[in-house]
Amino acid sequence: MKKIFTICTFAFLGANVQAQMKDVTVTLQPTASYNWFDKNTAIEDGVMYGGRVGFGFGEAIELRGIYERSADLKNTVDGFNVFSDDFVNNFNSRSVDIERIGGEFKANIPTRGTFVPYITLGAGVQKLKVDIAAANAPSNEQKSEQIYVGLGLGTQIKLGTRLFLNLEAKNTVFNMNPASVLFQDGQDQSDIEDWLNDNNNSRMYNWSVLAGLQLYLGGRAPEELSALDRAYRNKFSGGLGGFKLIFEPSGAYVNFDNASNLRDSYFLGGKVGFDLNNYIGVRGYFYQATQNEKISFDFDDVAMYGGDFIAKLNVSRGLVPYISVGGGYLNVNQNSYTGKNGLTAAASGYFAKGGLGLNVPLGRNLEAFGDANLMFTSRRDGDDLQNTISPDELRQHAMYSVGLRFQLGKRAADTDQILQNTVDRRVDDRTQVYQDRIDQLQSELSEAYKNNDTKKAVEIIEEKKDLDRKLNDGQESTSTVKAEKLESRVEMTPKELEELIEKVIQGVDEESRKPQSIEDRMDRLESLLLQINTGTYRQNLSPDRQEDASQKILDKLNELDKKIDRNTDRIDNLNNAPQAQNEDKTVVISSGQTAPVAPQMIQPAQTSVTTDVDGNTVVKTDTANQGMAAGWVVNEGLSVFTGVAIASDVAMIVGLRGNYAFTNSPFKFMPDLYLAPGKNTGFGVNANVVLPFKVDAGVILEPYAGLGLGYNDVAGESTFAPNLVLGTTFNVFGGKLFADYTAHNFVDIHRISIGYKLKF
């Protein structure tokens, strides 16, 4: 039974997802993969686990180191059908340990969807170790190494701001001698030798599927980096933003491997290319060697040309370290170039290189740079890098270069204007907060009028007046001025004050025939109510007279408030009136509220209903708001579950499930991943689509059924096959509890799960 050292957990996030962080980040990722080895490797299929550590450069590019090792793999002669019966019968299957160490280039394809595709390209060294001792003999481990190249295609799914799930299909290619795995002491090797003579194909292809949980440390998500942040970043990173053309006159010194016939030399030349953004760039270069290991314009018969990928480790104004990865062609004129041994025996060939560098700013668009690189060429005849098997067949050279970097591009955005726009936007946001609170207080104030609650009304009016003053940037509102004028007349008898109250109320009634809004008339009454209950007038009134005076004002305020309610009812009736099928619907938006967004793809024209200064209803239709509603996938949260898997054995499982609905379909997408801990660790990765059925039957809330596809290695069975799902949610805990049965490959594995849906 295959064992897995680690397994990732996952759920899916809905639409509007970005590929990764916007900034330079450090990435960490544990991985687990299932591998189908080339038959000619004589290694059985199985699991490998490991991890990746590296750097992310913006949303699109990552460079990372890779480490993987096998879990309980063995060598095998099954499926060859070329060996004698004697060889097969005497062959003892032994454990094969595989270890891979390398690097990888990952290119995300940023999209605004749930699934973010990416491609990977990497290379490294694979180490094989197998015990070749005869039966009952002491251990005799045979080791071999191979250079590998890997190409992958996958998708990245966001689980949180800094957490992502990677699902990937990958092909790893390497050259090897199958005898390194099949050979055993004390065994007749003639069958192996005959097979190797008949089979010259040493190119091996290792297909695999991989899952990894990727964490980003540092940097910020795309939505966290404002326009002002980007403008200042560009301003202090050379003053240019976006795409930049780069020219780099430079020189280099190459210390060639002692095993080669190439003489150490200085090279003169340069690079030209572009930076896609502040993080990454591409360069093409050409260098010509100078004679006699001196810097001069007397050129030798050796040139090198190729290309580099550049990734900066920060973008601040100052020293900027960077990583370079690339390759090219070393062109030697074999007819005229004299090597270090005095012979014309040096060969041209391809090389790969990588290294570290440092940028030093000298001006707004001028930098100095220096870098150190390792170059690798093949030792094989004809510099045959393509068929190189072991790292021992590579020659290692050191290359050092320095130069000047000139940058041409669009000037960065004006930070002063963006700063002003940012400040204005924040002021608008603060104003909206005040306005929302005022609208809420108005609703509470209407309730106080209806209940004749003077104390509550006074408290609300005081808070409302204070917010009005803040909303007007500290300027006194008209109602405040009126209140202060009333408060200044403190030497009044109770009778004179009652006459003033009657006069104000009478004046409010007379103003109802004038072009003045209901809100203005209520504002005068509210100011007077404040003065009677909190102002100096209070000293001139007994409690009974104060209560009577307040009640008169409250009665009038309630009357005006009811008038507003009647206007609202008229608006509601208009809004609910029957309409033709193709006629636009009326949408009423009260102050402080936001119209709900329907899950339709085309938003219809909207009609607003308001009240003029005389209390009349005014209907206006706005057809300028039509547009596309974004979002097809709706994230309904993450579920946790536990249960049992039943096959040859019985295993307990724990796992996570994503829940997705679609705006234009009744189907739901429910991917899940689970782990079966124990002596024989198992796991499963599945993607299922289900159709819920609406019922109203007591405790059963919403049964569902569906089909899917997945890989499951649990309870003594392993299968990559279709799934059948039957389940239901229950009318407890708000409908978040569920139970279901899944048949993997319909009959091979039976899984029973019970779980709970979370809000995220």
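See the structure above.
First things first, this report covers the structure right here in the doc.

Focus on the overall build of the protein
On a plain count of helices and strands, the protein comes out with 10 helices and 27 strands. When burial is assessed residue by residue, the protein has 43% of its 760 residues classed as buried. Partitioning the intrachain contacts of the protein with sequence separation of at least 6 by distance along the chain shows that 63% fall at a separation of at least 24.

Side note on empty space enclosed by the protein
Summed over all chains, the structure comprises 4 cavities of 30 Å³ or more. Lining the second largest cavity, in full, are Ser33, Asn35, Glu68, Arg100, Lys170, Thr172, Ser208 and Leu210. Residue assignment for the lining of the second largest cavity shows that the elements contributing at least two residues are strand S1 (24-36), strand S8 (163-175) and strand S9 (203-217). Its residues placed into classes, the lining of the second largest cavity shows 1 nonpolar, 4 polar and 3 charged.

Things to note about the sheet that holds strand S25 (residues 717-730)
If you trace the 8 strands once around the closed barrel, you get S20-S21-S22-S23-S24-S25-S26-S27, paired in antiparallel fashion. Taken pair by pair, the neighbouring strands of this sheet meet at an average axis angle of 25°, ignoring direction. Where strand S21 (residues 650-662) meets strand S22 (residues 665-676), 7 bridges bridge the pair, whose relative direction is antiparallel. Pairing of Leu656 across the sheet is with Leu673, part of S22.

Describing unusual backbone geometry
Located in the positive-phi region is Asp72, a residue other than glycine, with phi close to 60°. Position of Asp72 relative to the elements: it lies in the loop between strand S3 (61-71) and strand S4 (73-74).

Structural notes on the pairing of strand S14 (residues 320-332)
For strand S13 (residues 299-312) and S14, the ladder comprises 11 bridges, and the chain directions are antiparallel. Across the sheet, the residue bridging to Ala303 is Asn331, located in S14. Bridge analysis of S14 against strand S15 (residues 349-361) gives 11 bridges, and the strand direction is antiparallel. Of the residues in S15, the one forming a bridge with Leu330 is Gly349.

Focus on the environment of Pro677
Topologically, Pro677 is positioned in the loop between S22 and strand S23 (682-692). What makes Pro677 partly exposed here is its relative accessible area of 44%. Considered as a pair, Pro677 and Val714 are 37 residues apart in the sequence and their alpha carbons are 9.7 Å apart.

What counts, and where the lines are drawn
Position labels on residues start from 1 in each chain and follow its written sequence. Only residues with pLDDT of 70 or above have their local features reported here, since the model is predicted, and side-chain atom pairs are shown and tallied only from 80 upward, although totals for entire chains, interfaces and linings are computed over all residues. Side-chain metrics rest on all non-hydrogen atoms present in the structure, leaving aside hydrogens and water. The secondary structure listing takes helices from DSSP runs of H or I that are at least 4 residues long and strands from runs of E that are at least 2 residues long, numbered from the N terminus. For the exposure calls, accessible area comes from a 1.4 Å probe over protein chains only, and a residue counts as buried if that area is under 20% of its type's maximum, exposed if over 50%, partly exposed in between. Here, two residues are considered to be in contact whenever any of their heavy atoms come within 4.5 Å of each other. Here a cavity denotes a set of grid points, spaced 1 Å apart and computed over the protein atoms alone, in which a 1.4 Å probe fits but from which it cannot get out, and a pocket denotes an open set meeting protein on both sides within 12 Å along at least five of seven lines; residues with an atom within 4 Å of a point are reported as lining. Grid points are joined across faces, edges and corners, and a volume is the space filled by probe spheres set on the points. Amino acids are sorted into nonpolar (Ala, Val, Leu, Ile, Met, Phe, Trp, Tyr, Cys and Pro), charged (Asp, Glu, Lys and Arg) and polar (every other residue, Gly among them). At least two DSSP bridges between two strands are needed for those strands to be called paired. Fitted lines through C-alpha atoms give the axes, limited to the stretch in contact for helices. The angle between two N-to-C directions lies from 0 to 180 degrees.

Everything listed is a geometric property; what it means functionally is a separate question.
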